[in-house]
Amino acid sequence: DIQMTQSPSSLSASIGDRVTITCRSSQIISTHLNWYQQKPGKAPKLLVYDSYTLETGVPSRFSGSGSGTDFTLTINNLQPEDFATYYCQQSYSTSCSFGQGTKLEIK
Amino acid sequence: QVQLVESGGGLVKPGGSLRLSCSGSGFMFSDYYMSWIRQAPGKGLEWVSYISRRTGHTDYAHSVKGRFTLSRDDAKKSVYLEMNNLQVEDTAVYYCARGGRGSSGLDYWGPGTPVTVSS
């Protein structure tokens, strides 16, 4: 099975900062990599699919990149509503596995 | 608009069974893969299973294979997750989502239904 590893596990940042979250897969997955945002008590929300395509309605301060095994999610100009937990997920293989999550907190 | 709603969660004893349902609306249900994802209390997301469109091919996480069965009824715009021999470690919120392997992300999610396995 493909393992997904995110880093860091947690991150403190301030309003207006730029942050980057990294996701690495244990096997090559082309660009079959998706990013989700989850707030406490809520279902996850799709932000980016196929590595770099922004889901409709997602602000342009979010961006994704990468292919093969290494991927990043970047958030520019952090806003108060961006403080949440972020997950990567591969949709290349049958297991559709998720990363362990990155909790983004206010500094 | 697209909506997914799960039902069937609850409290069950170890070794027991539950059947979760997910009903979809606002889209052509038969055109889509459907997936189940769970989240144990305070933990991350774990993919559980998906079912393909048309053929109804299914796949499962190793942790549930042989105990869980996913099916779909396109006429009723629903998927069903039959969970047998439930264990304490199956305790989680179970989410239904549109999409699966090879799809462009899980683009719509239900609010989730809680399952608690406890004696």
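Going by the structure above, here's the rest.
Structure report, in brief. For clarity, every value in this text was computed on a predicted model and none was experimentally measured.

### Notes on the sheet that holds strand E7 (residues 68–73) of chain B
Residues and elements named next belong to chain B.
At step 1: Taken in spatial order, the 4 strands make up an open sheet running E1-E3-E8-E7, and their pairing is antiparallel. The open sheet terminates on both sides in strands that have one partner only, identified here as strand E1 (3–7) and E7. Strand-to-strand, the axes of this sheet are offset by a mean angle of 15°, without reference to chain direction.
At step 2: The pairing of E7 with strand E8 (residues 78–83) spans 6 bridges and is classified as antiparallel.

### Let's talk about the sheet that holds strand E5 (residues 45–49) of chain A
Residue and element names in this part refer to chain A.
At step 1: Reading across the sheet, the 6 strands line up as E2-E10-E9-E4-E5-E6 and stay open at both edges, with mixed pairing between neighbours. Two strands close off the open sheet at either side, each with one partner strand: strand E2 (10–13) and strand E6 (53–54).
At step 2: For strand E4 (residues 33–38) and E5, the ladder comprises 3 bridges, and the chain directions are antiparallel. Following the sheet pairing, tyrosine 36 is matched in E5 by leucine 46.

### Comments concerning the side chain of A:Ser91
At step 1: Tracing the backbone shows A:Ser91 in the loop between strand E9 (85–90) and strand E10 (102–106).
At step 2: Since its relative accessible area comes to 1%, A:Ser91 is described here as buried.
At step 3: Other than its neighbours up to four places away in sequence, A:Ser91 contacts A:His32, A:Asn34, B:Gly100, B:Arg101, B:Gly102 and B:Ser103.

### Quick look at the pairing of strand E8 (residues 70–75) of chain A
All names here are of chain A.
At step 1: Relative to E8, strand E3 (residues 19–25) runs antiparallel, the two being bridged by 6 bridges. In the sheet register, arginine 24 faces E8, and the bridge partner there is aspartate 70.
At step 2: Pairing of strand E7 (residues 62–67) with E8 involves 6 bridges; the strand directions are antiparallel. When the bridges of E8 are listed, serine 65 appears paired with threonine 72.
At step 3: Counted between consecutive antiparallel strands, the loop separating E7 from E8 contains 2 residues, among which glycine 68 sits at a positive phi close to 85°.

### Observations regarding the environment of B:Tyr108
Residues and elements named next belong to chain B.
At step 1: Note that tyrosine 108 resides in strand E10 (residues 108–109).
At step 2: Note: C-alpha distance between tyrosine 108 and serine 7 (101 residues apart in sequence) is 16 Å.
At step 3: Contact partners of tyrosine 108, with chain neighbours within four places excluded, come to Val2, Leu4, Cys96, Ala97 and Arg98.

### Describing the state of the cysteines
At step 1: Tallied over the full model, the rule gives 2 disulfides over all chains.
At step 2: Paired by a disulfide, A:Cys23 and A:Cys88 hold their sulfur atoms 2.1 Å apart. Between A:Cys23 and A:Cys88 the sulfur-sulfur dihedral comes to about 65°; the bridge is accordingly right-handed. Here A:Cys23 is found in strand E3, whereas its partner A:Cys88 is found in strand E9, with 65 residues between them in sequence.
At step 3: Look at A:Cys23 and you get buried, because its relative accessible area is 0%.
At step 4: Looking at A:Cys88, the relative accessible area reads 0%, which means it is buried.
At step 5: Shown here is the disulfide that connects B:Cys22 with B:Cys96, its sulfur atoms set 2.0 Å apart. An S-S torsion of about -70° defines the bridge between B:Cys22 and B:Cys96 as left-handed. With B:Cys22 in strand E3 (residues 18–25) and B:Cys96 in strand E9 (residues 92–98), this residue pair connects regions lying 74 residues apart in the sequence.

About the criteria used
- Residues numbered from 1 in each chain as written.
- Chains lettered and ligands numbered in written order.
- Predicted model: local features only at pLDDT ≥ 70, side-chain atom pairs only at ≥ 80, totals over all residues.
- Heavy atoms only, no water.
- Pairing = 2+ DSSP bridges.
- Helix = DSSP H or I, 4+ residues; strand = E, 2+ residues; numbered from the N terminus.
- Axes fitted to C-alpha atoms, helices over the stretch in contact; angles between N-to-C directions.
- Buried < 20%, exposed > 50% of the residue type's maximum accessible area, 1.4 Å probe, protein only.
- Contact = heavy atoms within 4.5 Å.
- Disulfide = S-S within 2.5 Å.

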